[in-house]
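# Inside the fold
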Amino acid sequence: MKLLVVCLGNICRSPMGEGALRARIAEAGMDGWLSVDSAGTSGWHVGNPPDRRAVACARGHGVDISGLRGRQLRREDFLDFDHILCADRNNLAEARKLAPTHAAERASLWLPWAGITEADVVPDPYYGDNRDFEHSWALVDAAARATVQRLSRHGDSGIIGP
């Protein structure tokens, strides 16, 4: 199964989400069954590393995202990925505009899709400070944990979980 985490620029929320998912997937021993990538709905940061604050925040939680590079969401992603997990409503709307008609349902708000009830979007920390990055990390990490739980227990996931 392939998951794609999407935010606006692919330098804050989605690379932190990709890193958190990779870490939680590895912890669950599911790396052979689940693969993860991230993308942005805009092309502003294509080829760039994540924001230094996102890198520092993830590193503070034992996750290295420094090697990731920004890329823009493509129409083909809706054919290549099983789930497109969006950070907020604007990203979801932009993703669905890009999607082939038959694949638009693959895009969802990540937090509700994962079963997170405390919030429905991951706020963009870009114009904030370290506390904003920590808050976004807490949400993406909770979503990553819930995603692994959901997919390991979901009867139609194709994954036999712990």
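One can find the structure itself at the top, above this paragraph.
Residues numbered from 1 in each chain as written. Predicted model: local features only at pLDDT ≥ 70, side-chain atom pairs only at ≥ 80, totals over all residues. Heavy atoms only, no water.

Looking at the element boundaries, serine 38 is found in strand E2 (residues 35-40). With a relative accessible area of 3%, serine 38 lands in the buried category. Within polar-contact distance, the side chain of serine 38 engages the side chain of asparagine 10 at 3.0 Å. (Helix = DSSP H or I, 4+ residues; strand = E, 2+ residues; numbered from the N terminus. Buried < 20%, exposed > 50% of the residue type's maximum accessible area, 1.4 Å probe, protein only. Polar contact = N/O pair within 3.5 Å; in protein donor to acceptor, adjacent residues only side chain to side chain.)

So, about the packing of helix H2 (residues 52-60) against helix H6 (residues 130-153). Contact geometry of H2 with H6 gives a least axis separation of 10 Å together with a crossing angle of 55°. With respect to their mutual orientation, H2 and H6 come out oblique. As H2 packs across H6, the resulting crossing turns out to be right-handed. Where H2 abuts H6, its residues Arg53, Ala54, Cys57 and Ala58 lie against Asn130, Phe133, Glu134 and Trp137. Here the residues of the contact of H2 with H6 are counted per class, giving 5 nonpolar, 1 polar and 2 charged. (Axes fitted to C-alpha atoms, helices over the stretch in contact; angles between N-to-C directions. Parallel < 35°, antiparallel > 145°, perpendicular 65-115°, else oblique. Left-handed = near helix turned anticlockwise from the far one by under 90°. Contact = heavy atoms within 4.5 Å. Nonpolar A, V, L, I, M, F, W, Y, C, P; charged D, E, K, R; others polar.)

Moving on, we get to the sheet that holds strand E1 (residues 2-7). Taken in spatial order, the 4 strands of this open sheet run E2-E1-E3-E4, and their pairing is parallel. Of all the strands in the sheet, just E2 and strand E4 (107-109) have a single pairing partner and so form its edges. Neighbouring strand axes in the sheet, compared pairwise and without regard to direction, differ in orientation by 30° on average. Direction of pairing for E1 relative to strand E3 (residues 83-86): parallel, over a ladder of 4 bridges. Across the sheet, the residue bridging to valine 6 is cysteine 86, located in E3. In the packing of helix H1 (residues 13-27) onto the sheet, contacts are made with E1 and E2, and the angle to E2 comes to roughly 175°. (Pairing = 2+ DSSP bridges.)

Each α-helix turn comprises 3.6 residues. Residues three or four places apart therefore point the same way. Those residues of helix H4 (residues 89-98) that fall on the buried side of the exposure criterion are Asn91, Leu92 and Ala95. One face of H4 carries all of its buried residues, which in axial projection span an arc of 100°. Looking at H4, the residues exposed on the side facing more than 90 degrees away from the buried face are Asn90 and Lys97. Against E1, H1, helix H3 (77-80), E3 and E4 lie the buried residues of H4. (Arc of directions from axis to C-beta.)

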